[in-house]
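Survey of secondary and tertiary structure
As a plain string of letters, each chain reads:
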Amino acid sequence: MKALDELTFDNRFARLGDAFSTHVLPEPLDEPRLVVASNAAMALLDLDPAVAETPVFAELFSGHTLWAEAEPRAMVYSGHQFGGYTPQLGDGRGLLLGEVYNAAGEHWDLHLKGAGMTPYSRMGDGRAVLRSSIREFLASEALHALGIPSSRALCVIGSSTPVWREKQERGAMVLRLAPSHVRFGHFEYFYYTKKPEQQAELAEHVLNLHYPECREQPEPYLAMFREIVERNAEMIAKWQAYGFCHGVMNTDNMSILGITFDFGPFAFLDDFDAHFICNHSDHEGRYSFSNQVPIGQWNLSALAQALTPFISVDALKEALGLYLPLYQAHYLDLMRRRLGLTTAEDEDQKLVEQLLKLMQNSGVDYTLFFRRLGDEPAALAVAKLRDDFVDLAGFDAWAGLYKARIERDGDYSEEQRRVRMHAVNPLYILRNYLAQNAIAAAESGDYSEVRRLHEVLSKPFEEQAGMEQYAQRPPDWGKHLEISCSS
Ligand code: AMP
Ligand code: MG
């Protein structure tokens, strides 16, 4: 295990030079204090978890001190926001501090979000507030624990620095970890500014560092794009299967690695609602829950357009064509597992669709339904769940099909089915109201609730003693919280 001053840096993105990023020093926050740290994320850097409690930890991740080998840089990129192209975005309130290697040879970007103004801040103040930093921290680590590819979060550092949003709040920083911070929007930036040499340099960088296996293919860039399509199809299938709504799927928020990235007004579904819009500035519902699937493809097409200097249009179209079938295959596979099925039948898709329709009509809790379905033998479970449905005849018809399907599925014990289902159906998810409770306590200086919630969410499939309150439907006040986009 390492101490904080033993991290090894190798700042490969910084070495690409000033066309790709700008050197900027973090602007420190006043009176920094540790809000929460993730031991699992600390382990990725081989850090001893105890160092999180030392004063130097809070100083490092609030911009007061820096490692000698760190090279803080603000990256430039652009992107399609809500369908329209914005020619220049970039790290307006975050800095890539540097890249660190762990003992296993894995490499992690350290990105400090909320680090002050940069040349890309536009009208913003370069800051992040405590509320949004806690939300990003909890979501990154919770998604990871659910098996959904995501950027990670090392810690949140709070402060006394005032930051103005709708009201006065306090500044905070979250330290984000990811193997790369390159977004679709990076490629779009060099494409639309007509800088082919830099675009080629960026493509080589991503190919060599993140898709080295594609080098062996006859057309390495095409192989890389295909891989990106595949990873996005799989990531979005997992979002849909677990009820995660990202909220701002602009191409500048899409990672080139196919990991969930840049958390804003995201939400997990409480009641199942295909039309749910978690971002209340999204008036058209462009990023509604069910639209995430076609938007995933739309975003990949925007990336494909930016890759036309390297790959033929026909080949790009063919690769884009992989997205929907791959998405459907992953999604159906996950939903079968959530239903406890081990085999595949043609009618399974219909079984899933019918269930979701019934859940939608009755406002059934998406997470708890699947968990409860695995609690008991199938016949008993559906009998107990029946009360949650308004359309009883509809539910009975579905339950009949489901029981028959389970019987055909295989020769396993009820106990085996229970264990298998509980391993894919979480009991604990990051419900908005739970995050809200933790944030309210943190804003008044009590970080125990954020820490406890983070702990609970780090083992979402495991029933934890004394934690029943984290596995409930939201109370009335917590049902339709409007999460502000301002962060
Ligand atoms: P986001 O909606 O967080 O993905 O941000 C979109 C763009 O706005 C990015 O270029 C951000 O860096 C920038 N941005 C967001 N909030 C701020 C802020 N408070 N100060 C400066 N730039 C910001
Ligand atoms: Mg963003």
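Coordinates for the structure precede this section.
Residues numbered from 1 in each chain as written. Chains lettered and ligands numbered in written order. Predicted model: local features only at pLDDT ≥ 70, side-chain atom pairs only at ≥ 80, totals over all residues. Heavy atoms only, no water.

Closest axis-to-axis distance for the helix α11 (residues 366-375)/helix α12 (residues 378-385) pair is 7 Å, and the angle between their directions is 140°. Here Phe369, Arg372 and Leu373 of α11 lie close against α12, whose contacting residues are Ala381, Val382 and Leu385. A class-by-class count of the residues in the contact of α11 with α12 yields 5 nonpolar, no polar and 1 charged. (Axes fitted to C-alpha atoms, helices over the stretch in contact; angles between N-to-C directions. Helix = DSSP H or I, 4+ residues; strand = E, 2+ residues; numbered from the N terminus. Contact = heavy atoms within 4.5 Å. Nonpolar A, V, L, I, M, F, W, Y, C, P; charged D, E, K, R; others polar.)

Before going further, it helps to spend a moment on the site of ligand 1. Near ligand 1 there are 15 residues, and of these Gly90, Gly92, Asp125, Gly126 and Asn253 occur at the shortest range. Contact distances for ligand 1 include 3.3 Å between a nitrogen atom and a backbone N or O atom of Arg127. Summarising the interface, the protein chains cover 78% of the accessible area of ligand 1, which totals 480 Å² for the free molecule. Residue classes in the shell around ligand 1 are distributed as 2 nonpolar, 6 polar and 7 charged. (Near = heavy atom within 4 Å. Polar contact = N/O pair within 3.5 Å; in protein donor to acceptor, adjacent residues only side chain to side chain. Areas by Shrake-Rupley, 256 points an atom, 1.4 Å probe, with all protein chains shown as cover.)

Another aspect to go through is the environment of Ser78. Structurally, Ser78 can be placed in the loop between β4 (73-75) and β5 (79-81). Measuring from C-alpha to C-alpha, the distance between Ser78 and Leu7 comes to 31 Å, with 71 residues separating the pair along the chain. A polar atom in the side chain of Ser78 sits 3.1 Å from the backbone nitrogen of Tyr189.

Attention now goes to the pattern of salt bridges. Counted by the stated rule, this structure contains 33 salt bridges. Residue Arg473 pairs with Asp271 through a salt bridge whose shortest N-O separation is 2.7 Å. Note that Arg473 is positioned in the segment after α16 (448-457) and Asp271 in the loop between β13 (267-268) and α7 (292-306), a separation of 202 residues in sequence. Across the pair Asp333 and Arg337 runs a salt bridge whose closest N-O atoms are separated by 3.6 Å. Of this pair, Asp333 and Arg337 both sit in helix α9 (residues 323-338), 4 residues apart, roughly one helical turn. Assessed through its relative accessible area of 40%, Arg337 is described here as partly exposed. Each of Asp91, Lys113, Glu136, Arg176, Arg183 and Asp262 takes part in salt bridges that share partners, so that together they form one network. (Salt bridge = Lys/Arg side-chain N within 4 Å of Asp/Glu carboxyl O. Buried < 20%, exposed > 50% of the residue type's maximum accessible area, 1.4 Å probe, protein only.)

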